[in-house]
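# Descriptive structure summary
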4 protein chains.
Amino acid sequence: MFHFESDYLEGCAPQILEALQETNLDQTLGYGEDPHCEKAADMIRYVFDCPGADIHFLVGGTQANATVISALLRPHQGVICAESGHINVHETGAVEHGGHKVLALPATDGKISAAQVRGALEAHHSDFSREHMVQPGMVYISFPTELGTIYTRQELEDLHAVCTEWEIPLFVDGARLGYGLEASGCNILPKDLPRLADVFYVGGTKQGALFGEAVVFSNPRLAEDFRYFIKQNGGMLAKGRLLGIQFEALMNEGLYFNLARRADRLADRIRAAFHRKGIPFLTENTTNQVFPILENKCLEPLAASFGFECWQIVDATHTAVRFCTSWATTESAIDTLETYIRDNFQ
Amino acid sequence: MFHFESDYLEGCAPQILEALQETNLDQTLGYGEDPHCEKAADMIRYVFDCPGADIHFLVGGTQANATVISALLRPHQGVICAESGHINVHETGAVEHGGHKVLALPATDGKISAAQVRGALEAHHSDFSREHMVQPGMVYISFPTELGTIYTRQELEDLHAVCTEWEIPLFVDGARLGYGLEASGCNILPKDLPRLADVFYVGGTKQGALFGEAVVFSNPRLAEDFRYFIKQNGGMLAKGRLLGIQFEALMNEGLYFNLARRADRLADRIRAAFHRKGIPFLTENTTNQVFPILENKCLEPLAASFGFECWQIVDATHTAVRFCTSWATTESAIDTLETYIRDNFQ
Amino acid sequence: MFHFESDYLEGCAPQILEALQETNLDQTLGYGEDPHCEKAADMIRYVFDCPGADIHFLVGGTQANATVISALLRPHQGVICAESGHINVHETGAVEHGGHKVLALPATDGKISAAQVRGALEAHHSDFSREHMVQPGMVYISFPTELGTIYTRQELEDLHAVCTEWEIPLFVDGARLGYGLEASGCNILPKDLPRLADVFYVGGTKQGALFGEAVVFSNPRLAEDFRYFIKQNGGMLAKGRLLGIQFEALMNEGLYFNLARRADRLADRIRAAFHRKGIPFLTENTTNQVFPILENKCLEPLAASFGFECWQIVDATHTAVRFCTSWATTESAIDTLETYIRDNFQ
Amino acid sequence: MFHFESDYLEGCAPQILEALQETNLDQTLGYGEDPHCEKAADMIRYVFDCPGADIHFLVGGTQANATVISALLRPHQGVICAESGHINVHETGAVEHGGHKVLALPATDGKISAAQVRGALEAHHSDFSREHMVQPGMVYISFPTELGTIYTRQELEDLHAVCTEWEIPLFVDGARLGYGLEASGCNILPKDLPRLADVFYVGGTKQGALFGEAVVFSNPRLAEDFRYFIKQNGGMLAKGRLLGIQFEALMNEGLYFNLARRADRLADRIRAAFHRKGIPFLTENTTNQVFPILENKCLEPLAASFGFECWQIVDATHTAVRFCTSWATTESAIDTLETYIRDNFQ
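Residues numbered from 1 in each chain as written. Chains lettered and ligands numbered in written order. Predicted model: local features only at pLDDT ≥ 70, side-chain atom pairs only at ≥ 80, totals over all residues.

## Observations regarding the overall build of chain A
- From N to C terminus, chain A includes 14 helices and 13 strands.
- In terms of C-alpha radius of gyration, chain A reaches 21 Å, essentially the compact-globule figure of 20 Å for 346 residues.
- Taken along its principal axes, the extent of the C-alpha atoms in chain A is 60 × 55 × 35 Å.
- Each of the 346 residues in chain A was classed as buried or not, and the buried ones make up 58%.
- The long-range fraction of contacts in chain A, counting pairs at least 24 apart against all pairs at least 6 apart in sequence, stands at 74%. (Helix = DSSP H or I, 4+ residues; strand = E, 2+ residues; numbered from the N terminus. Rg over C-alpha atoms; globule rule 2.2 N^0.38 Å. Buried ≥ 20, exposed ≤ 12 C-beta atoms within 10 Å, placed from the backbone. Contact = placed C-beta atoms within 7 Å.)

## Some words on the relation of the copies chain A and chain B
- The two copies are related by a screw motion: chain A maps onto chain B through a turn of 180° and a shift of 0.0 Å along the axis, at an RMSD of 0.0 Å. Between the two chains, the operation in question is that of a two-fold axis.
- In this assembly, 100% of the residues forming the interface of chain A have copies in chain B that are likewise at the interface, indicating an isologous arrangement. (Least-squares fit on C-alpha atoms with pLDDT ≥ 70 in both.)

## Quick notes on the interface of chain A and chain B
- The interface of chain A with chain B comprises 42 residues on the first partner and 42 residues on the second.
- Looking at the side of chain A that touches chain B, the elements that each hand over two or more residues are helix H1 (14–23), helix H3 (61–72), helix H5 (94–97) and helix H10 (226–232) of chain A.
- For the side of chain A that touches chain B, the element with the most residues is H1(A), which contributes four residues.

## A few points about the sheet that holds strand E2 (residues 54–58) of chain D
All names here are of chain D.
- The mixed open sheet is built from seven strands, whose spatial order is E2-E8-E7-E6-E5-E3-E4. Sheet topology places E2 and strand E4 (102–105) at the edges, where each strand pairs with a single neighbour. In this sheet, neighbouring strand axes are inclined to one another by 25° on average, regardless of whether the strands run parallel or antiparallel.
- Where strand E3 (residues 77–82) lies against strand E5 (residues 135–142), four bridges are found, and the strand directions are parallel. (Pairing = 2+ DSSP bridges. Axes fitted to C-alpha atoms, helices over the stretch in contact; angles between N-to-C directions.)

## Here we look at unusual backbone geometry
- The omega torsion of the bond from A:Phe143 to A:Pro144 falls at -5°, within 30 degrees of zero and hence cis.
- Here A:Pro144 lies in the loop between strand E5 (135–142) and helix H7 (153–166).
- Even without being glycine, C:Glu253 reaches a positive phi, approximately 50°.
- Taking the number of C-beta atoms within 10 Å as the measure of exposure, C:Glu253 has 10 and is therefore exposed.

## Observations regarding the domain arrangement of chain A
Residue and element names in this part refer to chain A.
- Parsing chain A into structural domains produces domain 1 (2–7 + 256–344) and domain 2 (14–255).
- At nine residues, the largest contribution of residues to the side of domain 1 that touches domain 2 is made by helix H12 (residues 255–276).
- Tallied by class, the residues present in the side of domain 1 that touches domain 2 amount to seven nonpolar, seven polar and four charged. (Domains from an automatic or database assignment. Nonpolar A, V, L, I, M, F, W, Y, C, P; charged D, E, K, R; others polar.)

## Focus: the interface of chain D and chain C
- At the junction of the two partners, chain D supplies 42 residues and chain C supplies 42 residues.
- Elements that contribute at least two residues to the side of chain D that touches chain C include exactly helix H1 (14–23), helix H3 (61–72), helix H5 (94–97) and helix H10 (226–232) of chain D.
- When residues in the side of chain D that touches chain C are grouped by element, the largest group, four residues, is from H1(D).
- Its residues assigned to classes, the side of chain D that touches chain C comprises 17 nonpolar, 20 polar and five charged.

## A few points about the packing of helix H1 (residues 14–23) of chain C against helix H11 (residues 241–251) of chain C
Residue and element names in this part refer to chain C.
- The geometry of H1 relative to H11 is characterised by a closest axis approach of 9 Å and an angle of 135° between their N-to-C directions. Classified by the angle their axes make, H1 and H11 are oblique. The handedness of the crossing between H1 and H11 comes out as right-handed. Two secondary-structure elements touch here, H1 through Gln 15, Ile 16, Ala 19, Leu 20 and Thr 23 and H11 through Ile 245, Gln 246, Glu 248 and Ala 249.
- Of the residues in the contact of H1 with H11, the class split is five nonpolar, three polar and one charged. (Parallel < 35°, antiparallel > 145°, perpendicular 65-115°, else oblique. Left-handed = near helix turned anticlockwise from the far one by under 90°.)

## Focus: the sheet that holds strand E7 (residues 199–203) of chain C
All names here are of chain C.
- Overall, mixed pairing links the seven strands, which are arranged E2-E8-E7-E6-E5-E3-E4 in an open sheet. Among the strands making up the open sheet, the edge pair consists of strand E2 (54–58) and strand E4 (102–105). On average, adjacent strands in this sheet sit at an angle of 25° to one another, irrespective of strand direction.
- When strand E5 (residues 135–142) meets strand E6 (residues 170–173), the two strands line up parallel, connected through four bridges. Its bridge partner being in E6, Tyr 140 is matched across the sheet by Phe 171.
- Of the strands in this sheet, strand E3 (77–82), E4 and E5 touch helix H6 (residues 114–126), which is tilted by about 170° from E5.

## Some remarks on helix H12 (residues 255–276) of chain B
Residues and elements named next belong to chain B.
- For H12, which comprises 22 residues, the first-to-last C-alpha distance of 32 Å matches the rise-based estimate of 32 Å (1.5 Å per residue) to within 8%.
- The inward-facing, buried residues of H12 contact helix H8 (177–181), helix H11 (241–251), strand E9 (289–290), strand E13 (318–324) and helix H14 (331–344).
- One or two steps after H12, the chain reaches Gly 278, where phi turns positive at roughly 75°. (Expected span 1.5 Å × (residues − 1).)

## What about the relation of the copies chain D and chain C?
- Least-squares fitting of chain D to chain C yields an RMSD of 0.0 Å, with the superposition described by an axial translation of 0.0 Å and a rotation of 180°.
- A share of 100% of the interface residues of chain D reappears at the interface of chain C, consistent with the copies meeting face to face through the same patch.

## Quick notes on helix H11 (residues 241–251) of chain A
All names here are of chain A.
- For H11, a buried count of 11 out of 11 residues is recorded, marking the element as mostly surrounded by other parts of the structure.
- Within H11, burial applies to Arg 241, Leu 242, Leu 243, Gly 244, Ile 245, Gln 246, Phe 247, Glu 248, Ala 249, Leu 250 and Met 251.
- Positive backbone phi, at 50°, marks Glu 253, one or two positions downstream of H11.

## Structural notes on the confidence of the model for chain A
- On average, residues of chain A score 97 in pLDDT, and 100% of them reach the 70 mark or higher.
- For this predicted complex, the interface score ipTM comes out at 0.97, alongside a pTM of 0.97. (pLDDT = per-residue confidence, 0-100.)

## Some remarks on the pairing of strand E2 (residues 54–58) of chain B
Residues and elements named next belong to chain B.
- Burial runs high along E2: four of the five residues are buried.
- Of the strand pairs in this sheet, E2 and strand E8 (residues 213–217) are connected by five bridges, and their pairing is antiparallel. By the bridge assignment for E8, Leu 58 is matched with Glu 213.

## Notes on the pairing of strand E12 (residues 309–315) of chain C
All names here are of chain C.
- Pairing between E12 and strand E13 (residues 318–324): five bridges, direction antiparallel. Each residue of the ladder has a partner; that of Cys 310, found in E13, is Val 321.
- The antiparallel hairpin formed by E12 and E13 contains two residues in its connecting segment.

## What to know about the environment of C:Pro220
All names here are of chain C.
- Along the chain, Pro 220 turns up in the loop between strand E8 (213–217) and helix H10 (226–232).
- Taking the number of C-beta atoms within 10 Å as the measure of exposure, Pro 220 has 16 and is therefore partly exposed.
- For the pair Pro 220 and Gly 52, spaced 168 residues apart in the sequence, the C-alpha separation amounts to 7.3 Å.
- For Pro 220, the contacting residues outside a window of four places in its chain are Gly 52, Ala 53 and Asp 54.

## A few points about the packing of helix H6 (residues 114–126) of chain D against helix H7 (residues 153–166) of chain D
Residues and elements named next belong to chain D.
- Where H6 meets H7, the closest approach of the two axes is 8 Å, and the angle between their N-to-C directions is 20°. In terms of their interaxial angle, H6 and H7 are classed as roughly parallel. Remark: the crossing between H6 and H7 carries right-handed chirality. Only Asp 158, Leu 159, Ala 161, Val 162 and Trp 166 of H7 make contact with H6, whose side of the interface consists of Ala 114, Val 117, Arg 118 and Leu 121.
- Of the residues that constitute the contact of H6 with H7, the class distribution is seven nonpolar, no polar and two charged.

Encoded structure:
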């Protein structure tokens, strides 16, 4: 049985476990004020070419989203995002629990456009009754999106421009950032992120770490008192160095990107295998998630040998499913899946 | 240099790292729905003799407190606790961020009494203007307290009785639970916890785990929909098995209690060493935290060889300091400290 | 110049001012615990035939909505409503400020159906990831809706049935309740409200009072501790009798309904006048709001003599506008408007 | 029977009812954007000598407090106030419901000092663990206090100075502002308020209005987007002109101050009557609230003829009670009470 349900099925990259082992008896200060966090932050600043950025390590994505949004918005403001955005759909209302409305826009393949954002801002600020409505106070996007699609550099530039024009921050959820940056056809470089986003994070949990997201405030003015927010939102890890140690390992010799690239290429092989059979996809994408639309009658036999997720009912006889690869996916798992597709679909 | 600043200076008990290593490539479902969490919960149910309890694993203490309190209170209710309680002092207002007032009572050695709680409840419910005041909706205590003191069984029985009488839950923060249960003079047994508290947690972070707190709803009715609350409060770890694996190891062959007992006994040696010199203590206690009151002129020389925390200014010439032991404290560290005290205090 | 912009342009029905005058120097207890509130509540119980209902008086609609919703939901729950619902669009995120997501459903003429609600509930509770999503915890509808439309009795029965089946409360925002009950074609009686809704309110502000909404908990179990919620949400009027006095006057000899009926009939005349000219409407309705779709070139001349609200851009050359009648609308204002329409539209 | 339980027992000053009567059929825009609110704001700016102030009208005090505090604090910040402060004791946790901790300081006669505030700020900002604690973000005081005492001008200057030094706003709850400004011995002038407080309000509810508090942002930068906050907190009155009309009347020819002065002088007579009998007071004060400490055996006979409030149990045989005067207190009520005291106390 080979599992492709998600990209967090296993533990972590061996280099991380080794580093945890090596440092286990070292004594360091808690709460992220240790040399490992410091060094990991420096490495991220170097890799993403943002020497002035303020960097904080959080445990998970929902926590990172809620904490950043809490720090950036005033109470009467909401966050613009795609209808399919993680904060709108899959965080049990953490943003609303923090007091803010999610201002969802219709999404195409998980993405929203600068034109949509501009439209929402103009509509709000020209409305005579705007004080009776939630004021858009920031923009949240995911890179890659929930559907594994990626923004082009031009799209990001445009979103950046509209946010700059309206003086609201752009926040990029990078839970799968590496898979996006390493995807075929991606023309965004690591250094583009801090240039175009006010805040973004480098996802660890889904990219080979046990857990952890590195939040990068490329606009450090927005990070004022951010450590208070981390603590208030329950994200201040006592043994904070665990986060530093993991990101040191991930940033070392390009491990983060190598793992992501490998996973993307393995996903490409799954895509190609379905494509050769003329099977359509819910969305065209090139990251580590693959969304073929399968006949329902194929699902049960497939599920006997492979774990995958039923993503969306497409019609009475078809379902879009999701296969994920990760740092831990083996070549043999992909070989077996390829063979199965070749022999069992027509 | 030997460090005694806190009980979270190192990584984790070796058994935990081994278990992480062994399971690293296993594939399991995320979000705590894996066999390790299930088994760890069973082990806790067995050790604490609460077969019907509902058990959830969270990452840290502030998160556990905020999440449990959010689940137990209605919006107009507050939580009674000691003035010195962690939720009142050291969680950056996480409880208030969730909408609730902390109703702080004066504490003696970190503890509050059943009589105080009864007084607060009676005062509220007999007040003509009570609807203008926050209604006490639950009681929070720490075992051991912030000052390392412990409640007696009778004290817990009394708190339990008043909570039962007024139909509000009693919640025990057990971030250092093991150190309390293993302390000399403690007459509370593991099985007393679920009997006397509606909810409590078994702290891992400060007791040999990398991180993790096991929240036990001995009253499972209070746990309804609790997983939604975990997610909403950012505490749903994607690789949830990390928590299960750690608590399996801690509950295995009494490791959790053995580590705590050893640390308590090492702390006893520090206490005894100061005591032999006639040095007074901020509080009499028997857990892993030691609070001698030292002359200020002693602090700098002491700090050259030993790490400790300055806890409280006592008067112009004296400061209460804190020494913590933990699972990782070495005999030789204690030997050296004993020798230093013997030779340098009079 | 005749104003039809809203139904809160003037002060209040003369009977109310008289009652305020007469009682001005009486001395009564504050915060709604006075004989006027008591008597007004009794009158409402009588008029709506709900002898066991628990009734509270609040100052305004947004406040009433936020307070009721805060009292009925647990933190992980959200409120189902129409996309066009007041709480979703025009309350500056008061519901989210209180911690809850508004779960908006597409609306037809401002209404949602029992089938939609059932669909949303089934979708949530059958979702494998439901704990990552906001749980639907209540249903909010407006009667009449934002577009002045009304639910039929059958539609309300169906909504009631699905809420009962799923054990969640149905809450009816009755800011314009009277206009709905008195509308031509309305087959809902006052006594249907407490039978079919768990909570509803009898709007005063838009129906002849200076301000005030009477919240009726037909299910009094849901009102537990509600006065705490009123205070916490800033709605506890010190001189609470002002609310009682107003509702006494409104409930006296059917004033509330008489004023509403008259306003509805005057609105019918406006509707008829536009209809005679073949002018279409944004929505077919029979309450005190009229939404003709006018050519843009007509707007400026019309606005020279009549106040109205531009409601929605329909296409490049047409705009839907809103005319409101109220208790204070004069016959002569309607005559003049009728004449204008007759002479100036073709 | 003469009632002295509170200063909101009656309706409103006759001038206000007259103004409501006169304007009743006028048609104006809603939500405070009418000429009456504009004019009332101008009058307040004139009377308090703050031509650049931004002024908003809210319905009640709890609402005003919660809304202003919500607008001024970031989520990790709390509000410093006296332990006995209204926001700490009698608003059902409205501030915490909005997410903020009330940082209560011990109060003397209801007041806190600049030294206390400085101490709290210094303690916080010098604490190594400050990020684990709520950051003091503003100071709230009442003038007069809950105990009817008043700050001297020097005390206000000092509070202003420490707030300026630490760059946090000073907010003055003026629910009874007039009674304070007109108290014997008060050396604060209306024009001192905007000079020394960043925000304050001119209380109407307890000073002759039906309801209403005029919030004055002497520092208008702090009022950015404040109308959104009013709406979000349920304080945007649809018929907002009701607030404007009332404050126009109160500011006209000094009515507000005249009513307050008269009430203060009547309270002085009550104070003197008790004083002549050697009866002690809970607190020495000169505003419209009087707090004699009476023998318990006197209470029942007294209560047969006069309404008052039991404020605080002093010892086994004594209770502090409260008598309030207001704009509506009659000379004859005071005469009768004086006579009673003269004849029945010894």
